[in-house]
Amino acid sequence: MNEEELLQRAVEEREKLFKRYEQGRDGGAEIDPWEDPGFEVYHTTDRYGFIHDQRLPTKIDIHEAKKLQIEVERQKKWIKMLKNWGSPGVSPEKLHSRVYKGIPDSLRSIVWCKLLNVEESKNSNAGIYTNMYQLARQYSTDARQIDSDVNRQFREHLHYRERYSIKQQQLFNVLTSYAMYNSEVGYCQGMSGLAGVLLMYMNEEDAFWALHILLTDPKYAMHGYYKEGFPKLTRFLAHHDKILTKFLPKLKKHFDKNGLDAMLYSLKWFFICFVERVPFNLCLRVWDIYLLDGERIITAMAYTILKLHKRNLLRLNDMDAIVNFIQVKLHKDFLIEDDIVIQNLEKSIEELKRAKLYTPSPPQKDEIPSRPFGVFKKPTLDKIVGIRTDKFSEKERQTNQLVVLTSDIARDNAEKDETYECQTNDSVGHTGSKFSFEQSNDDTSSLLDCEHLGSRRSLADTSVTSTADLSVFSTITRSQAHENSLDTHSNLSDNSVGGASSIGSGICTTSSHRVFSAHTTPRASSYKQSPDVLRIYVPYSPLDTPVASPHNGDLQQSIPCLFNDNKVRIKIDNDELPTPLIEHGQIKSFNVDTELDLK
Amino acid sequence: MEHTEPHSTEPEMANRQGAAQRPNGAQGKICQFKLVLLGESAVGKSSLVLRFVKGQFHEYQESTIGAAFLTQTVCLDDTTVKFEIWDTAGQERYHSLAPMYYRGAQAAIVVYDITNQDTFGRAKTWVKELQRQASPTIVIALAGNKQDLANKRMVEYEEAQTYAEENGLLFMETSAKTALNVNDIFLAIAKKLPKYDQNQGQSGQGQGRRLAEGDQGAKTPGNCCK
Ligand SMILES: Nc1nc2c(ncn2[C@@H]2O[C@H](COP(=O)(O)OP(=O)(O)OP(=O)(O)O)[C@@H](O)[C@H]2O)c(=O)[nH]1
Ligand SMILES: [Mg+2]
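Every residue gets a number counted from 1 within its own chain, in the order that chain's sequence is written. Starting at A for chains and at 1 for ligands, labels are handed out in the order in which the entities are written. Reporting in this predicted model follows two pLDDT cut-offs: at least 70 for local features of residues, and 80 or more for side-chain atom pairs to be given and counted; totals over whole chains, interfaces and linings ignore these cut-offs and use all residues. Water and hydrogen atoms were dropped before computing side-chain values, which therefore reflect all heavy atoms in the structure.

Draft legend 1. Inspection of the overall build of chain B at higher detail. Numbered from the N terminus, helices here are DSSP runs of H or I no shorter than four residues, and strands are runs of E no shorter than two. Counting secondary structure elements, chain B contains six helices and six strands. Counted from the first residue to the last, chain B has its helices and strands arranged as β-α-β-β-α-β-α-β-α-β-α-α. When accessible area is computed with a 1.4 Å probe and restricted to protein chains, residues below 20% of their type maximum are described as buried, those above 50% as exposed, and intermediate ones as partly exposed. Every one of the 226 residues in chain B was classed for burial, and the buried ones make up 67%. Per-residue accessibility takes into account occlusion by the displayed protein chains alone, with areas from the Shrake-Rupley method and a 1.4 Å probe. Summed over all atoms, the accessible surface of chain B reaches about 7,700 Å², with 47% contributed by carbon and sulfur.

Draft legend 2. Geometry of the overall build of chain A. Scanning chain A from terminus to terminus reveals 25 helices and three strands. Out of the 599 residues in chain A, the part that is buried amounts to 57%. Two residues qualify as a contact provided that any one of their heavy atoms is within 4.5 Å of a heavy atom in the partner residue. Long-range contacts, defined here as pairs at least 24 residues apart, represent 80% of the contacts in chain A between residues at least 6 apart. Here chain A displays about 25,700 Å² of accessible surface, and carbon together with sulfur accounts for 53% of that area.

Draft legend 3. Quick look at the site of ligand 1. Taken together, 26 residues sit near ligand 1, with Arg152(A), Ser41(B), Ser47(B), Gly90(B) and Asp148(B) positioned nearest. Site remark: ligand 1 is flanked by residues from chains A and B. The term polar contact refers here to a pair of N or O atoms within 3.5 Å; inside protein, the definition further demands a hydrogen-donor-capable atom paired with an acceptor-capable atom, and it admits residues adjacent in sequence only when both atoms are side-chain atoms. Lys146(B) is positioned such that a nitrogen or oxygen atom in its side chain is 3.0 Å from an oxygen atom of ligand 1. At 3.3 Å, a side-chain N or O of Ser175(B) approaches an oxygen atom of ligand 1. Contact with the protein chains covers 98% of the free accessible surface of ligand 1, which is 650 Å². Take the shell around ligand 1: its biggest share by element is three residues, from helix H1 (residues 45-54) of chain B. In terms of residue class, the shell around ligand 1 is built from seven nonpolar, twelve polar and seven charged. It suffices for a single heavy atom of a residue to lie within 4 Å of a molecule or strand for the residue to be listed as near it. For this classification, Asp, Glu, Lys and Arg are treated as charged, while Ala, Val, Leu, Ile, Met, Phe, Trp, Tyr, Cys and Pro are nonpolar and the rest, including Gly, are polar.

Draft legend 4. Region of interest: the confidence of the model for chain A. What pLDDT reports is the predictor's confidence in each residue, on a scale of 0 through 100. Of all residues in chain A, 65% attain a pLDDT of 70 or more, and the chain-wide mean is 74. Throughout residues 421-440 of chain A the model reports pLDDT below 50, and contacts reaching past four residues in sequence, or to other chains, amount to 60 contacts.

Draft legend 5. Focus on the coordination of the magnesium ion (ligand 2). Residues and elements named next belong to chain B. Protein ligation of the magnesium ion (ligand 2) involves Ser46 (OG) and Thr64 (OG1), the donor distances falling in the range 2.0 Å. Of this pair, Ser46 sits in helix H1 while Thr64 sits in the loop between H1 and strand E2 (67-76); the two residues are 18 residues apart in sequence, bridging distant segments of the chain. Residues Ser46 and Thr64 agree in their burial class; the two are buried. Only N, O and S atoms count as donors, using a 2.8 Å limit from the metal and a wider 3.2 Å limit for Na, K and Ca, and since water is excluded some coordination spheres may look unfilled.

Draft legend 6. Fine view of helix H18 (residues 319-332) of chain A. In a helix, the anticipated span is given by 1.5 Å times the number of residues less one. For H18(A), spanning 14 residues, the distance from its first C-alpha to its last is 19 Å, which sits close to the expected 20 Å at 1.5 Å a residue. In this analysis the local bend is the angle between axes fitted, respectively, to the seven residues ending at and the seven residues starting at the residue. Where H18(A) bends most, the angle comes to about 40°, and this point is Phe325(A). Buried within H18(A) we find Met319(A), Asp320(A), Ala321(A), Ile322(A), Val323(A), Asn324(A), Phe325(A), Ile326(A), Gln327(A), Lys329(A) and Leu330(A). Buried residues along H18(A) sit in contact with helix H13 (249-257), helix H14 (267-272), helix H16 (296-308) and helix H17 (310-315) of chain A together with E2 and strand E3 (79-88) of chain B.

Draft legend 7. Structural context of a negative patch on the surface. All names here are of chain A. A grouping of Glu3, Glu4, Glu5 and Asp382 is seen on the molecular surface, where their side chains present a negatively charged patch. Broken down by element, the residue count for the negative patch peaks at three residues, all from helix H1 (residues 3-23). Residue Glu5 is classed as partly exposed on the basis of its relative accessible area, which comes to 42%. Patch definition: residues with relative accessible area over 30% and no salt bridge; like charges joined within 9 Å; nonpolar side chains (Val, Leu, Ile, Met, Phe, Trp, Tyr) joined within 5 Å. Any carboxyl oxygen of Asp or Glu that lies within 4 Å of a side-chain nitrogen of Lys or Arg is treated as forming a salt bridge with it. Asp and Glu are treated as the negative residues and Lys and Arg as the positive ones, with His and the ends of the chain left uncounted. The atom standing in for a charge is NZ when the residue is Lys, CZ when it is Arg, CG when it is Asp and CD when it is Glu.

Draft legend 8. Representation of the sheet that holds strand E1 (residues 29-38) of chain B within the structure. All names here are of chain B. Whether two strands pair depends on DSSP finding at least two bridges between them. Read across the sheet, six strands follow the order E2-E3-E1-E4-E5-E6 without closing on themselves; strand pairing throughout is mixed. At either margin of the open sheet sits one strand with a lone partner, and together these are E2 and strand E6 (170-173). Going from strand to strand, the sheet's axes swing by 20° on average, the running direction of each strand aside. As paired strands, strand E4 (residues 107-113) and strand E5 (residues 139-145) are joined by seven bridges and run parallel to one another. In this description, a line fitted to the C-alpha atoms serves as the axis of each element, helices being fitted only across the stretch in contact, and the angle between N-to-C directions of two axes falls anywhere from 0 to 180 degrees.

Draft legend 9. Here's a closer look at the side chain of Thr79(B). All names here are of chain B. Along the chain, Thr79 falls in strand E3. Side chain to side chain, Thr79 and Asp78 meet in a polar contact 3.2 Å long. Leaving out residues up to four positions away in the same chain, Thr79 has contacts with Lys29, Cys31, Val74 and Lys195.

Draft legend 10. Region of interest: the nonpolar core. Throughout, nonpolar core names a set of buried Ala, Val, Leu, Ile, Met, Phe, Trp, Tyr and Cys residues whose side chains join them through atoms within 4.5 Å. Judged by nonpolar contacts, the single largest core of 161 residues is most densely connected at Tyr226(A), Leu306(A), Tyr101(B) and Leu142(B). Note that the domain bounds reflect an automated or database-derived domain assignment. Both of domain 1 (3-223) and domain 2 (231-376 + 391-396) of chain A provide at least three residues apiece to this core. With residues up to four places along the chain from it excluded, the contact list for Leu306(A) reads His240(A), Leu244(A), Leu248(A), Leu251(A), Phe255(A), Tyr265(A), Trp269(A), Leu313(A) and Ile326(A). Among the nonpolar cores identified, the runner-up in size contains 33 residues, and Cys31(B), Leu37(B), Leu48(B) and Ala141(B) belong to it.

Draft legend 11. View of the pairing of E3(B). Residue and element names in this part refer to chain B. Within E3, ten of the ten residues are buried, leaving the element largely enclosed by the surrounding structure. Neither face of E3 is open: one carries Thr79, Val81, Phe83, Ile85 and Asp87, the other Thr80, Lys82, Glu84, Trp86 and Thr88, and all of them are buried. Bridging between E1 and E3 involves nine bridges; their strand directions are parallel. Residue pairing across strands places Val36 opposite Trp86, the latter belonging to E3.

Draft legend 12. Up close: the domain arrangement of chain A. Residue and element names in this part refer to chain A. Partitioning chain A into structural domains gives domain 1 (3-223), domain 2 (231-376 + 391-396) and domain 3 (538-599). Opposite the 42 residues of domain 1 that make contact, domain 2 presents 32 residues. Viewed at the interface, domain 2 and domain 1 are joined by two salt bridges. Where Arg108 meets Asp288, a salt bridge forms, and the shortest distance between an N and an O atom there is 2.9 Å. Linking domain 1 with domain 2 are 15 residue pairs in polar contact (both at pLDDT 80 or more). Those elements that provide at least two residues to the side of domain 1 that touches domain 2 are helix H2 (62-83), helix H3 (92-101), helix H4 (108-116), helix H6 (128-139), helix H8 (166-181), helix H9 (191-201) and helix H10 (204-216). The element that contributes the greatest number of residues to the side of domain 1 that touches domain 2 is H9, accounting for six residues. By residue class, the composition of the side of domain 1 that touches domain 2 is 25 nonpolar, eleven polar and six charged.

Draft legend 13. Region of interest: the state of the cysteines. Residue and element names in this part refer to chain A. In what follows, a disulfide is any cysteine sulfur pair within 2.5 Å. For the structure on display, the rule yields zero disulfides over all chains. In this model Cys113 remains outside any disulfide bridge; the closest cysteine sulfur is found in Cys273, 17 Å from its own. When its relative accessible area of 15% is taken as the criterion, Cys113 is described as buried.

Encoded structure:
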């Protein structure tokens, strides 16, 4: 095709897409039969509008009923508070405590708009939304991508279910218009999730401004996530790593050992604030708090999730199972009651504040919007016809390099641990999961200066200067080596019955030589293990990490009876039996088979 | 909205629910491979993986952000092959993150949509990038997906096949929707990959190295069929 034909094709495609959304279902938009669902609606729709495969329970259990009742009570208080919004009568403390308890769902639309100050943006920019839509209609270069994402966003939700339904129309309009308004970001996959949630609680124009505020208000600053090269993502991942290194060193090591970089499991946490990663009801609670307190909540929540599920995660011994647990299992069932999760989130925030880790390092210049909003620049021909330049921008090149280095490090970490397994070639193997004296957040590194931890930080820094020369490598090697030597400490004091503390300095030297060498040794063969492993769990101190407890709020009460002191639990775990080959994230429950009372 | 395909080819797939089907008691070989899917957004990468791993098709497969990770195990003669699959996001914006997923991969499936010529062009640039940046011995397969929409075809079978031959790629037209060639393409890859038994300990430098490279899950004992 020549240039003209390509242009013509692009124009026709855009025209066709916009027309379909304009017409909507009833206006006669052409709908392929497969695009439309045909499922039973009524008894499978939950209170938020999501449709489930199974019938929901016909009767609400007592616990649910009680919660709904409390929500009705809260509603009254909220209505009063909303009347006095902005007056001294509504103290920040009161607002804080109420938001953390959860905004009543019926008032979410109003409260979210207030928290985001949508009204003000909208009023001071009257007419802009319509303008942007008109521009998009004529010039949008993102319509194809947005269309294909609208077609896949929240299709199990009542309002997004039908092709070209009103919500789908709105989602398409908001996203195409916003891509014109904030041309630096345009449209990035992920934004359909954000806008999709906003539209469940707002009308079209409000959602547009809410989206803009989420991207550009420094409190949320999501612009930096979606911009090419994802500058904010690298900064926040570095911060996340720092938090893990300090508060969950054992888990961090476990992840490293399994070659699991945070980038591999946490993108939806950061990009869409936990949408599709935790159940929707919990997600809304986190959004309430996020809208109130801003971006720091994301890293605090990320930490909270890992802390709460640390025991489960330590028991999973490959990347497959870990990623599946974090991404799939926890979305289906978080295992812990929402209120308890939020209480723990608050606790995490306190911990992080004390350790001066609540606030990440300030944003780099490239994260902040640099182009004025709503100023139209005609797209280049390549963009219009959808030809890829296939070249990275400077920022993307840096990100790309960073990613390559990070994946090398992850691999090296994995192999380093391999070496360790060879050395301690006996049944102790995975210290973390076998003989473990669990402490709540295995915090043994509080003596350490966390500024020096976290290899990614140094990577991020180097990527900014974009010098991938040898001096960069040596910095990384150094920081790695440093980390390793610190790990030795944590191992000594951490847990480790029998032999595990022999890792450490020896490996740290090998690894630092190997970090960037092109050759790594063949993976050592995994040792064979006798299938019948006897594991002894000796509870060490009362947990303050809640264990998965079926939906009741009585965690505090349930723990003591589960973990009575002076009892030795003998658990015969068949994880290591030569089965199951395929586990779709089905982790086995913690079952205590025998109990010996030593009293 | 899920179809479990009646005529899925279903070759010697390992049992989905539980224990692997292994030749009775025989100590077969076990191999683990890292495989990455690349290609333009909405060509059906996630759908192919879902079909292969769970035997399902969702019309409204959610769009991928970053990447998703899944595994599936197949049995090939006396060898059990476990695929660790990275399904990546197709939007160009995410391109800079791709090496995170394809580095150390032993196999890649580059997917395009047969009803869209642009996606074929994009597939070619992915192949080039892999040939330049990925492991030199990576096995690359090209999948022309959405074969069920052949009446809207924009990319001719012969064109793609010629391209694949010239570049030493495996090639099949697939449909995640009808399950056509989905298992087959994975199996063809499995057959082409050098098998090295993880039960037997160290191997020679050449192939063993490659296994060691991307083999992220096997380092923990007891997670695979032993
Ligand atoms: N007819 C038909 N549709 C398909 C087939 N495979 C996928 N689709 C549809 O194409 C759309 C996109 O599929 P995905 O699997 O989400 O595409 P993807 O390549 O993973 O896209 P990204 O995650 O955005 O990179 C979905 O609506 C699927 O239902 C196929 O073989 N035939
Ligand atoms: Mg996908």
